[in-house]
Amino acid sequence: MNEWIQDDHLWIRRTAIIHQLKYKANTNEEMLFRFCKSTMEEEDFFIRKAIGWALREYSKTSNKPVKEFIESNKENLSKLSVREGSKYLK
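Residues numbered from 1 in each chain as written. Predicted model: local features only at pLDDT ≥ 70, side-chain atom pairs only at ≥ 80, totals over all residues. Heavy atoms only, no water.

J.: Where do I start with the nonpolar core in this structure?
T.: Soluble, globular proteins show a tendency: their nonpolar side chains are buried together. One finds Ile17, Ile51, Leu55 and Phe69 to be the most contacted residues of the largest nonpolar core, which totals 22 residues. At the level of secondary structure, the elements contributing two or more residues to this core comprise helix H1 (10-18), helix H2 (29-39), helix H3 (45-59) and helix H4 (63-73). Among the elements that take part in this core, H3 stands out by supplying six residues, more than any other. In this view, isoleucine 51 contacts Ile17, Cys36, Thr39, Met40, Leu77 and Ser81; residues no more than four positions away in its chain are not counted. (Core = buried A, V, L, I, M, F, W, Y, C linked by side-chain atoms within 4.5 Å. Buried < 20%, exposed > 50% of the residue type's maximum accessible area, 1.4 Å probe, protein only. Helix = DSSP H or I, 4+ residues; strand = E, 2+ residues; numbered from the N terminus. Contact = heavy atoms within 4.5 Å.)

J.: What is the right way to read H2 from this model?
T.: In an α-helix there are 3.6 residues to a turn, and that puts residues three or four apart on one side. Within the span of H2, buried status applies to Met31, Leu32, Phe33, Phe35, Cys36 and Thr39. Where H2 is buried, its residues meet H1, H3 and H4. The distance from a side-chain oxygen at the start of H2 to the backbone nitrogen of glutamate 30 is 3.3 Å, and the residue carrying that oxygen is asparagine 28. (Polar contact = N/O pair within 3.5 Å; in protein donor to acceptor, adjacent residues only side chain to side chain.)

J.: I would appreciate a short explanation of the packing of aromatic side chains in the present structure.
T.: The geometry of an aromatic ring pair is captured by two quantities: the separation of the ring centres and the angle between the planes. Scanning the model with the defined rule gives four aromatic pairs in all. Ring geometry for tryptophan 11 against phenylalanine 46: centres 5.0 Å apart, planes inclined by 45°, an arrangement best described as tilted. A residue pair is termed long-range when its members are at least 10 positions apart, and tryptophan 11 in helix H1 and phenylalanine 46 in helix H3 qualify at 35 residues. Ring plane angle 85° and centroid distance 5.2 Å describe the contact between phenylalanine 45 and phenylalanine 46, whose orientation is recorded as edge-to-face. A relative accessible area of 46% places phenylalanine 45 in the partly exposed class. In this structure phenylalanine 46 comes out as partly exposed when scored by relative accessible area, which is 36%. Among the aromatic residues, ring-to-ring pairing joins Trp11, Phe45 and Phe46 into one connected group. (Phe/Tyr/Trp six-rings, centres within 6.5 Å; stacked < 30°, edge-to-face > 60°.)

Structure follows, in structure tokens:
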């Protein structure tokens, strides 16, 4: 996945971001946040949506780290990523 997140094709990068969607407690948090950070300034809708989707799903298992990640990166995350990622935050 580390190679995929750097791929030229957006669909490969998107897959790298969302590949852990159903891992729940087994999600590699460091990898998830690193992949979100490396793509958060991209302008593509599908990348932004994937970031939000991945954060939202992980927040169901680990709410606090996602909330902290969004708060500390709010200036660089798109509004779409923030909105989707925050959906289940307490």
